[in-house]
Structure formats: structure tokens, C-alpha cells
Amino acid sequence: MLLQLQLLVQPLPQAWMTYIGSVVISVNPYRSLPIYSPEKVEDYRNRNFYELSPHIFALSDEAYRSLRDQDKDQCILITGESGAGKTEASKLVMSYVAAVCGKGAEVNQVKEQLLQSNPVLEAFGNAKTVRNDNSSRFGKYMDIEFDFKGDPLGGVISNYLLEKSRVVKQPRGERNFHVFYQLLSGASEELLNKLKLERDFSRYNYLSLDSAKVNGVDDAANFRTVRNAMQIVGFMDHETESVLEVVAAVLKLGNIEFKPESRVNGLDESKIKDKNELKEICELTGIDQSVLERAFSFRTVEAKQEKVSTTLNVAQAYYARDALAKNLYSRLFSWLVNRINESIKAQTKVRKVMGVLDIYGFEIFEDNSFEQFIINYCNEKLQQIFIELTLKEEQEEYIREDIEWTHIDYFNNAIICDLIENNTNGILAMLDEECLRPGTVTDETFLEKLNQVCATHQHFESRMSKCSRFLNDTSLPHSCFRIQHYAGKVLYQVEGFVDKNNDLLYRDLSQAMWKAGHSLIKSLFPEGNPAKINLKRPPTAGSQFKASVATLMKNLQTKNPNYIRCIKPNDKKAAHIFNEALVCHQVRYLGLLENVRVRRAGYAFRQAYGPCLERYKMLCKQTWPHWKGPARSGVEVLFSELEIPVEEYSFGRSKIFIRNPRTLFKLEDLRKQRLEDLATLIQKIYRGWKCRTHFLLLKKSQIVIAAWYRRYAQQKRYQKIKSSALVIQSYIRGWKARKILRELKHQKRCREAATTIAAYWHGTQVRREYRKFFRANAGKKIYEFTLQRIVQKYFLEMKNKMPSLSPIDKNWPSRPYLFLDSTHKELKRIFHLWRCKKYRDQFTDQQKLIYEEKLEASELFKDKKALYPSSVGQPFQGAYLEINKNPKYKKLKDAIEEKIIIAEVVNKINRANGKSTSRIFLLTNNNLLLADQKSGQIKSEVPLVDVTKVSMSSQNDGFFAIHLKEGSEAASKGDFLFSSDHLIEMATKLYRTTLSQTKQKLNIEISDEFLVQFRQDKVCVKFIQGNQKNGSVPMCKRKNNRLLEVAVP
Ligand SMILES: Nc1ncnc2c1ncn2[C@@H]1O[C@H](COP(=O)(O)OP(=O)(O)OP(=O)(O)O)[C@@H](O)[C@H]1O
Ligand SMILES: [Mg+2]
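Everything numeric here is computed off the predicted structure, so don't read it as measured data.

## Comments concerning the side chain of Lys 128
As for its placement among the helices and strands, Lys 128 is situated in the loop between β4 (126-127) and β5 (135-136). Those residues in contact with Lys 128 that lie beyond four places of it in its chain are Asp 133, Arg 166, Gly 173, Glu 174, Arg 175, Asn 176, His 178, Ser 211, Val 214 and Lys 573.

## Describing helix α15 (residues 414-421)
For the α-helix, the turn length of 3.6 residues means that residues three or four positions removed from each other point alike. All of the buried residues along α15 are Ile 416, Cys 417, Leu 419 and Ile 420. Across the axial projection of α15, the buried residues extend over an arc of 155°, all falling on one side. Close packing links the buried residues of α15 with α14 (370-400), α16 (427-436), α17 (443-454), β13 (460-462) and β14 (480-485).

## Notes on the coordination of the magnesium ion (ligand 2)
The protein atoms that coordinate the magnesium ion (ligand 2) are Thr 87 (OG1) and Ser 136 (OG), at distances spanning 1.9 to 2.1 Å. Taken as a pair, Thr 87 in helix α4 (residues 86-100) and Ser 136 in strand β5 lie far apart in primary sequence, 49 residues in all. On the accessibility criterion, Thr 87 (12% relative accessible area) is buried. Ser 136 sits in the buried class, given a relative accessible area of 8%.

## Observations concerning the sheet that holds strand β17 (residues 605-608)
Spatially, the three strands line up as an open sheet ordered β17-β19-β18, and their pairing is antiparallel. Whereas interior strands pair on both sides, the edge strands pair on one side only; in this sheet they are β17 and β18 (649-651). On average, each strand axis in the sheet is inclined to that of its neighbour by 15°, with strand direction left out of account. Note: β17 against strand β19 (residues 655-658), four bridges, orientation antiparallel. When the sheet's bridge partners are listed, Gln 607 is paired in β19 with Ile 656. Packed onto the sheet, helix α25 (residues 631-641) meets β18 and β19 and runs at close to 155° relative to β18.

## Observations concerning the environment of Val 120
Along the chain, Val 120 falls in helix α5 (residues 105-125). With 108 residues separating them along the chain, Val 120 and Asn 228 place their C-alpha atoms 9.3 Å apart. Ignoring sequence-local partners within four residues, the contact set of Val 120 consists of Val 226, Ala 229, Met 230 and Ile 340.

## Regarding the environment of Ile 340
Note that Ile 340 resides in helix α13 (residues 314-344). In sequence terms Ile 340 and Ser 633 are 293 residues apart; their C-alpha atoms lie 53 Å from each other. Non-local contacts of Ile 340, meaning those with residues more than four positions away in its chain, are made with Ser 117, Val 120, Leu 121, Ile 157, Val 233 and Phe 235.

## A look at the site of ligand 1
With respect to spatial proximity, 19 residues lie near ligand 1, and among them Asn 28, Ser 82, Lys 86, Thr 87 and Ser 135 are the closest. Here an oxygen atom of ligand 1 and a backbone polar atom of Gly 83 are 2.8 Å apart. In this structure, an oxygen atom belonging to ligand 1 sits 3.0 Å away from a main-chain N or O atom of Gly 85. Taken together, the elements giving at least two residues each to the shell around ligand 1 come down to α4 and β5. It is α4 that provides the largest number of residues to the shell around ligand 1, a total of three residues. Of the residues belonging to the shell around ligand 1, the class tally is five nonpolar, 10 polar and four charged.

## Considerations on unusual backbone geometry
The step from Trp 624 to Pro 625 runs through a cis peptide bond, and the omega angle for that step is 0°. Counting through the fold element by element, Pro 625 comes out in the loop between α24 (609-616) and α25. At Asp 71, a position not held by glycine, the phi torsion is positive, near 60°. Along the chain, Asp 71 falls in the loop between α3 (56-70) and β3 (74-79). Looking at Asp 71, the relative accessible area reads 40%, which means it is partly exposed. Although it is not a glycine, Lys 573 sits at a positive phi angle of roughly 55°.

## A short note on the sheet that holds strand β15 (residues 488-493)
Here three strands make up an open sheet; going across it, the order is β13-β14-β15 and the pairing antiparallel. Each edge of the open sheet is held by one strand with a lone partner, namely β13 and β15. Put simply, the sheet's adjacent strands are angled 25° from each other on average, direction ignored. Inspection of the sheet shows β14 paired to β15 by six bridges, in the antiparallel sense. Bridging from a neighbouring strand, Cys 480 pairs with Gln 493 of β15.

## Considerations on the pattern of salt bridges
Applying the stated criterion across every chain yields a total of 63 salt bridges. Notably, a salt bridge pairs Arg 351 with Asp 71, separated by 3.0 Å at the nearest N-O pair. Of this pair, Arg 351 sits in the loop between α13 and β12 (352-358) while Asp 71 sits in the loop between α3 and β3, and the two are 280 residues apart along the sequence. Between Glu 433 and Lys 449 there is a salt bridge; the shortest N-O distance is 2.7 Å. One end of the pair, Glu 433, is in helix α16; the other, Lys 449, is in helix α17, with 16 residues separating them in the sequence. According to the relative accessible area criterion, Lys 449 is buried, its value standing at 16%. Residues joined in a network through salt bridges with shared partners are Arg 137, Glu 163, Arg 166, Glu 174 and Glu 363.

## So, the nonpolar core
The biggest cluster of nonpolar side chains holds 110 residues, and the ones touching the most others in it are Phe 124, Phe 180, Leu 292, Phe 296 and Ile 564. Among the elements that make up this core, the one with the highest residue count is α13 (14 residues). Contact partners of Phe 124, with chain neighbours within four places excluded, come to Phe 177, Val 179, Val 243, Val 247, Tyr 329, Leu 332, Phe 333 and Leu 336. Counting 60 residues, the second-largest nonpolar core is a separate cluster that includes Tyr 377, Leu 431, Leu 450 and Leu 556.

## Some thoughts on the environment of Asn 368
Looking at the secondary structure, you find Asn 368 in the loop between β12 and α14. The spatial distance from the C-alpha of Asn 368 to the C-alpha of Pro 611 is 50 Å, given a sequence separation of 243 residues. Residue contacts for Asn 368: discarding those within four places in its chain leaves Glu 363, Val 490, Leu 491, Tyr 492 and Gln 493. Engagement of the side chain of Asn 368 in a polar contact is seen with the backbone oxygen of Leu 491, the distance being 3.0 Å.

Quick notes on the rules
- Residues numbered from 1 in each chain as written.
- Chains lettered and ligands numbered in written order.
- Predicted model: local features only at pLDDT ≥ 70, side-chain atom pairs only at ≥ 80, totals over all residues.
- Heavy atoms only, no water.
- Helix = DSSP H or I, 4+ residues; strand = E, 2+ residues; numbered from the N terminus.
- Contact = heavy atoms within 4.5 Å.
- Buried < 20%, exposed > 50% of the residue type's maximum accessible area, 1.4 Å probe, protein only.
- Arc of directions from axis to C-beta.
- Donors = N, O, S within 2.8 Å, 3.2 Å for Na, K, Ca; no water.
- Pairing = 2+ DSSP bridges.
- Axes fitted to C-alpha atoms, helices over the stretch in contact; angles between N-to-C directions.
- Near = heavy atom within 4 Å.
- Polar contact = N/O pair within 3.5 Å; in protein donor to acceptor, adjacent residues only side chain to side chain.
- Nonpolar A, V, L, I, M, F, W, Y, C, P; charged D, E, K, R; others polar.
- Salt bridge = Lys/Arg side-chain N within 4 Å of Asp/Glu carboxyl O.
- Core = buried A, V, L, I, M, F, W, Y, C linked by side-chain atoms within 4.5 Å.

Next comes the structure, spelled out in C-alpha cells:
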């Protein structure tokens, strides 16, 4: 046994953990060690269990991997006495799993929430005890839920019976729950005011003062951590606030004190001493003060529909107050757990579960009460499950499986469990029975009952026991009983057992709470609702706990267990002290020695043949991929093929047993290697298949494309050949057709020629034959006759088609025959002349004269003078000035005897400067006269015989010069130069008059440059192209002695 102890003692203080099989033994180092760093996490990740030095991480990794890879639900059972390090170990497990499982924003949030639930629950559920500064005062089982990939989805926390008596009273040297101290130290002044609290612990009766400060614990900082954790877990601000209000209300409840007051009927009645505290509580919780006050003074009992109110004495009032405080706090705690569960619950489907059990450890105090009894019972049950699964079950299995085995003895604590939980005579059943029994029930009557029923039990001891052997045992006080637990003897004070088991809260109080304006408090007391009054007694605390422990055990048995057994090295909570006796005691009662022995003699691993073959069949050619025979022979073949030494394994009836983990790791390594090879093989085959399928598809596609292309190419070629054939065909056909046509034409011409020849020949023949019958000139006559007929027809047609008699009509019928062309033209000319004559014949003499003059003018000026075309339309009037009628010219008229041919005003150009003067120009039969326009006085008179020539320009002006015969009387002043609007008419009339009088043609010179005699000088009159700017009137300018320039626009 000492040898076994060495196993645990030796590694210290270098190593704090060791293994027994797969059970981790962890010794509390009571100081922080550098073995929980992220680097260590990485070291232990995916490593074989025994590969590295023993560690909680190795166990966590093993559990997590078998959960993830083998789909097995896991549970991690952490046991040990109070202060052995269970809670710390559970946090290490959780943090390891959080570090190695999947990552991602969502997963990280889940992990963070799961981890942060710890500080919240520890603040409300942990307290300083003499054994542990952070002792869990509740049991906690947490299921961490994972998806198929092994990523955490959420969790469910179950809590087990909180040690609520601590709220109102703490043993010496211990504290109330952390949260009270944290709130008072860490809350801001403002928050404290709001909660109507004071920072001074001594103000509160419920807070023990002797150990209010714990060494190395900063309550204020922890308060901030807890608030932060609550926020991360998902508590809303108003929820946190409500929770703190309830905590404050509990604290303040403790300060309510009662004083006795005698009533008339002699009964004692309690009164509240100072109502100030009550008032503040009511303000904080929204409860009507009078309701609460009444609830502390009266108790209403309802029986058979009758309500009986009795007054409470001072002791009863204190009992009621404490019951309320305990209930308020424990219900708040359960609410917190539910609220956390709500936040961390998995949103999607859960595949696997890992449960972590961290329950209050076995404890022995000076005064052990109902709570310790319950806690130790729970530890008994855990020890039981450990024994069941590691010692009993294992040994039984060897025998069942026909494995050679020498039985190893161990202490089975089933007997102690039975003492406590047996339904007929177990301690809990007795307690329940006592609580439900009518009549006076006290803790003493309960003890008496125990003494009767359990006296003979070997693990039960009592002074009052009938068995007199204890009567002399002075170590056993009167009102106590002792149980010999697996971990030691514990003396329980019977006082308070019945009350605590009853867990009674007066209905008046629960109803007062239900009426609170504070929604959280209201929800904590649903039974206070008068509508839901239930007269049935609620289940007792003991039976509730028993039921929940039974459920827990059932739950744990469905999962693959992993053990962490925590050991406490000393009782002083000090580092570097190793109390051998204490450790030995723990090693012994934990059954570790038997555990070591079973492990040493037994086998580390076992598995049914079927799953074993399934898992390792790939390691051997005969068994891979299928083994036809029974699984056992398959495993036999497999192991012999792998040359595993025979002492390393044994064949059971249904399972193979492997002695050393090393062998299993070897198998696992081989399997891993083989799986990699197989994966490569699958990959290779898959790649080959993929490439081949791809290739076949390509090939198929290529054939399809080629077929289509060939078809297309052939079609194209065929089209080309076809069109070529058609071209050739058409050429040949054309050539043939042309040949035939030529032939036919030739034949036709031959035929025609032959016909013509034949006709001529026949004609000649006929003529030769009939010549003698024809007259000699018949042909000519026929010809003439025919011609005559044609001409006759032509004339007759012409008669009908004759155009109008208007000389200007240009129409003339078209000619019918070519040979009549000249005749046709001649006929047209004759007809025109005729119709002109006809037209002329209509004229009177007067008109004739006018036309003769116009004709004359045309002959003289047409195409010579540019002014001529504008004069054609003007009728020649001659006497523009009506001298006969105008009295102004009477004298002038009288002076002229002859007939006046022209009487018109002209501009006479001054020879000296080119300026003009108006003169009346008169032409008579023999003379030419010039008279003053105003006076009518004759200025010059020239006989026509003296006029030799008239000169004018070819342009569109009215200038003209009249040249006089040299030497004549009139010529003494020189030639005249005029301009007139009627130049054409004047020149024509002058010409005609001169011709008729002198029988000589007057010379009319049309030239743009001519000479004019001015007295002795000859002046050149030159017509130039004038400037348009000066208007349309020609400008006359004397340039020099010899030149007079006329600018014509
Ligand atoms: N692995 C560890 N490393 C350092 N200190 C440790 C370790 N485990 C435990 N401790 C110390 O021991 C104290 C008690 O540990 P813990 O609270 O885990 O005990 P417990 O077994 O949960 O006790 P209880 O049953 O009372 O809840 C811790 O507060 C811590 O100071
Ligand atoms: Mg704990």
C-alpha cells in the first residue's frame, strides 16, 4: 500500500498530477502553476493520453476527441473533498475544450458565454468556509452541447441544492455567499444609495464579521468581473439591477428585529422594533408595508376551507424572517441558473454532449447539519458510481468474459448509500415520515426514530441507540448521530433537520412576496398567487434532492465516464505543505489503491469484437475490406498478423482485452497511418476516375465534334461539286444549244435562201412564161398610181391636221413618209407665208405705216444696238409734245407750216462741259428744228439735206449725234449731241424721212467711239462702262478738248 502511496507522493512537488489507468489524480497545489498556459494547451492537443506528463488537459483532450471522432457522449466526474480543487479542475476542462474546439464569431460567443457563467454562479453560490475560501455551496452539472463537427452550440446547467442556511447564519470563521461582500465593496455610492445599502459590513446581521475579508480576494474587483460576466452571458441591465435589488432586500431582511408584546388574551405577540428597515425593504421591492408587517406577525393556516389566523411570537417571527431570506435567496439562485440556461441554450440541433460535474466535496465540520448530510450523501453516490464503473463492473466483466482473474477486494459503499436512501428504512425516508407525521414533531423525535430503525446498521452510531455499546461513547453527544461515511465518520447535529427538510415558508409571506411590485420577486413566488393555492404539501428538501441525485446518476451512466480525483495536500490551504497522513487517508477512502491494483492486474482497454474488427480491419490484408467469418476470428487473424505479443491481449467471450495502453496507441497509430494511406488511395482512385471520366467526355465530345465537322465539310464539298457540275452542265448545255441553234439558223437560212431562190426562180419562170401577157410600161404606171394615191392621202390628211392661222403658232403635223420630207418642209413655209400675208392683209394704212416703221427699225438696229429690244414693245407716237393743243407753244406752231413728224423733248449735250439742256426736237418733212422748251422759241433749224450721218453707241443708252454737212449753214456751230428716251424711234423716223425727201439713205453709224465736229474741233465721244452707283442714267463728262466720255451703267 505504501508503494502505491509513493506513486502519488513521489512526483510532488514537481508534478501535481498522475494517472491510475485513465483516472487523473490531481493534487491541489494551492499556488498558481505555469502548466495551464495556451502553449500547454497546444502541447496536449491531439496527443496520445500517456504521451506527455499527466494532466487534466490530457483527459480533456481524450474526452473531447472521443466525443468528436467516435460520437460518444462524455461526462467528466470531478470528485474530492472540499478544497481539493474540483471547481478549478472543472474550469480547466472547460477552458481546454473551449481552446481546442472550432473557432468563428458565433462559436466564440457561445464559448465566452459558457465560460462566463462560472463567475456569476460562483459569486452567488460559493462562499468562504473553513476548508476552502471559494467553496461551492451548490452542486453543478453542466452539459456542454456540440454539433457534429465538435463545435460548441450551447449548454445546460443543472444545480443541486444550495446550502441556503448560510444566508442567515454562518459557522465561525466562515462567510456568507460572496455576492453580499462583493456588492457592498464594489458597488458605487450611487448604486448603494439606490439599493438603500451602506458599505459597512457590520451594519448587517446576516454578514459574519470575523472573516469578512478573505486574504488574496478583492471583492470589489470581483464585483466588476461578475457584472461584466453577467453582461456577456446576456443579462439585460434591468435584470442585473433586479437581481441586486433582491440581494439588497435579503441583506436588509436580516436587520429586521422583533420585540415581544403581551396581548390581552395572554398570548405573546411579536412587534417589529424599528420599522425603518422594513419601510426601505418595501420601497425596494414594491411590497405594501402593511402586508409584509402583518405577514411577520400572523400566520394563517388553511384547513378544510377554513382560515385560522394565529399570532407569531418573537421566535416564530425570527424563524419566518429567516425562512423568507433563505427562500428569497435560493429561489433567486435557481432563477439565475435558469436565466443563464436561457442565454446559453443551443440554437441548433445538438449531436453530442459533454457533461462536467462539479459538486460540493465531502466535508466534515465541527457542527455538521442537514446540509452536510445532503452533501456527503451526494459524495457517497459519486463514490458509488466510481466503484461501480471502475472496480466492480470491471472485475465482474473479466469474470463474465472468462478472463483469468483473481478477485481484488474493495470497500463498496453501497451499504452507506442504502442507509441513507432506502425507501423504507433509510434516513431520508425516516426524516420524511417524521415531517409528515401528525402530532408534535421535533428533531429529537426524529433521532429517536433513527435510533429505533438504524441502530443495528454498522455504519450508523448514536448515543441513544438501543445497542448499548455506544452508551459509553462520550465522544457522541446526545442530540447527534454519526455516520461512518466512505471518507470518514461524520457527526451530525440533529437540530434543524426537520425544519430544513420541511423547508417551510409561511403562506402569508409567500403571498406578500407575490404581491410585490418587483416583477422578479413576484415571479419567484408563484405559489403566493391566491388563485393557485395548493393545499398539498410540497415535496421535502431531502426527497427532492434524492430524486435529483438519482436522475443525475442515471444521466451519468449513459455517458462515457472520465474521472478526475482531486486530493487535498493539507488542511491549511497552504502551498508546499504535504500532509502525508491526510493524503493517505484520502487515497484510501477514495479507493485509489484498489483502483491501482485492478488496473495493474487488468487490462487498459477492451472492446467488443465487432467494433474492434471494424476499427482496425484495414490493418490486415485478410480482414480488409471485408471479413467473411465471425468477428472474433477476424480479430485473432488481425492481431497475429500485426505480431502483437500474446501477453499484451486476451480474448474474452465477446470482447478483446488489451493490457497496455501502449498497444492500443500502437494500433491507433497504425490505423491513422493506414487511414492516411487509404485516403491517398481513395484520392488516387478518385482522381484517376475523375480524369478518366473527363477524358472519356472529351473523347466523346471530340467524336461528336469531328462527326459534325466532317458532315459539314462533306456538305460543303458536295455543294461545291454540285454547283461546279451545274456550271459545267449549263455551259455544255449552252454550247450544245448554241450549236443546235446555229445549225437550225443555218438550216433556216438555207431554207429561206432556197425559198428566195425558188421564188426568184419561180418569178423568173413565171415572168418568162407570162411576159408575153404584160404591157411594156405597166410597172411605171403602177408606181405612179401608187405614188399619186399616197400623195393624195397625204394632202387629205394635211387638210384635216392644219394648224391655226396665227403667225406665231409653231405647230406643224409630223411627216408621214420620208420621201415627202422636202415637200413637207416647203409646205410648212408656204403655209406660214400665206398666213402671214393673210395677217398683214387685215392691217389699215395707219397700222401698215407703223409696222413699216417698226420693220425699218428692226432692219436698222436689230442685233446692233442694245437699246433696240426695249423699244420693240413701245408704239412709235412721233408727236409726244402736243404742240397744237398747248397754248404755250402757239408761236412755235405758227412758225412751222409743215407736218410735224416728231415733237419731243430731248437733252442737248453741252459741247463745252457735257451738261445737258432740255430742247424741243421737231422733225418735219424737210427740216429738223430745235426749240427752247420753256419759251418755245426756235433755236436752230437744219434742213434735212444737211444731215449727213447719225452716230450712236451699241450700248443701252439714248445718246446720239447728228452730223451736219460740212460747210452748210447749220454746221457752223458744229454737230449736235443729244440724248433721248426714244432714240430708236427718232433715228428710224429721221432715216425714213430723209430717204423719202432726199432719196438718199441716211448713214447710221453704230460705234462706241465716234468723232463729233464742235465748231473747228473734232471731239471723240467715247462710251465706257459706267458705275452702277450713279443710277441707271448715263453720265456724260467732258474729259479734255478731244474727249467726251459717256459712262453707261
Ligand atoms: N490547479 C490549481 N492550481 C492552483 N490552485 C488551485 C488549483 N486547484 C485548487 N486550487 C486552490 O484551491 C482552492 C480550492 O479549490 P476549489 O474551489 O476548486 O475546491 P473544491 O474542490 O471545488 O472545493 P469545494 O468542494 O469546497 O467547492 C482554490 O480556491 C485555489 O486557491
Ligand atoms: Mg468547488
